Amino acid sequence: MTKKKIFTIFIIVDLAIVAGALWCVFNRIPVRQFMIPLVVLTSLNGLWLVWMTIRNTPPRT
C-alpha cells in the first residue's frame with residue numbers, strides 16, 4: 001500500500017469521525033456520551049497511521 005493511499009484512508013476516517021461528532025452535536029446528544037468514543041477513535045486512527053507508515057517503509061540499506 002502506498003503512503004498516499006494510507007494517508008488518504010486516514011483523512012477519510014478522520015473526516016468520518018468529525019462528521020459523527022457534528023451529527024451528535026446537531027442532534028443534541030450530551031457531550032459526555034460521545035466525547036470518550038471520539039477520543040478513542042481518533043487515537044486508534046492515529047495509531048493505525050503510524051503502524052501502516054512504519055510497516056510500509058522499506059528498511060534502510
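Relevant structure appears above.
Source: prediction; values computed, not measured. (Residues numbered from 1 in each chain as written. Predicted model: local features only at pLDDT ≥ 70, side-chain atom pairs only at ≥ 80, totals over all residues. Heavy atoms only, no water.)

**Q** Explain the overall build of the protein chain to me, please; I cannot follow it from the model alone.
**A** Secondary structure summary: the protein chain contains two helices and zero strands in total. Against the 2.2 N^0.38 benchmark of 10 Å for 61 residues, the protein chain shows a C-alpha radius of gyration of 15 Å, more extended than a compact globule. Principal axes of the C-alpha set define a box for the protein chain whose edges measure 55 × 15 × 10 Å. Across the 61 residues that make up the protein chain, the buried fraction comes to 15%. Roughly 5,200 Å² of accessible area belongs to the protein chain as shown, and the carbon and sulfur atoms make up 73% of that amount. (Helix = DSSP H or I, 4+ residues; strand = E, 2+ residues; numbered from the N terminus. Rg over C-alpha atoms; globule rule 2.2 N^0.38 Å. Buried < 20%, exposed > 50% of the residue type's maximum accessible area, 1.4 Å probe, protein only. Areas by Shrake-Rupley, 256 points an atom, 1.4 Å probe, with all protein chains shown as cover.)

**Q** Where do I start with the packing of helix H1 (residues 3–26) against helix H2 (residues 31–55) in this structure?
**A** Packed helices, taken two at a time, are described by the angle their axes make and the gap between the axes. Contact geometry for H1 and H2: axes closest at 10 Å, N-to-C directions at 180 degrees. Regarding the angle of H1 to H2, the classification is roughly antiparallel. Contacts from Lys3, Ile6, Phe7, Ile9, Phe10, Val13, Asp14, Ile17, Ala21, Cys24 and Val25 in H1 reach Phe34, Leu38, Leu41, Thr42, Asn45, Gly46, Trp48, Leu49, Met52 and Thr53 in H2. (Axes fitted to C-alpha atoms, helices over the stretch in contact; angles between N-to-C directions. Parallel < 35°, antiparallel > 145°, perpendicular 65-115°, else oblique. Contact = heavy atoms within 4.5 Å.)

**Q** Teacher, can you tell me more about unusual backbone geometry here?
**A** Of note, the phi angle at Arg28 is positive, near 55 degrees, even though the residue is not glycine. Tracing the chain through its elements places Arg28 in the loop between H1 and H2.

**Q** How should the environment of Ile12 be read in this particular structure?
**A** Considering the arrangement of structural elements, one finds Ile12 in helix H1. For the pair Ile12 and Thr53, spaced 41 residues apart in sequence, the C-alpha to C-alpha distance is 16 Å.

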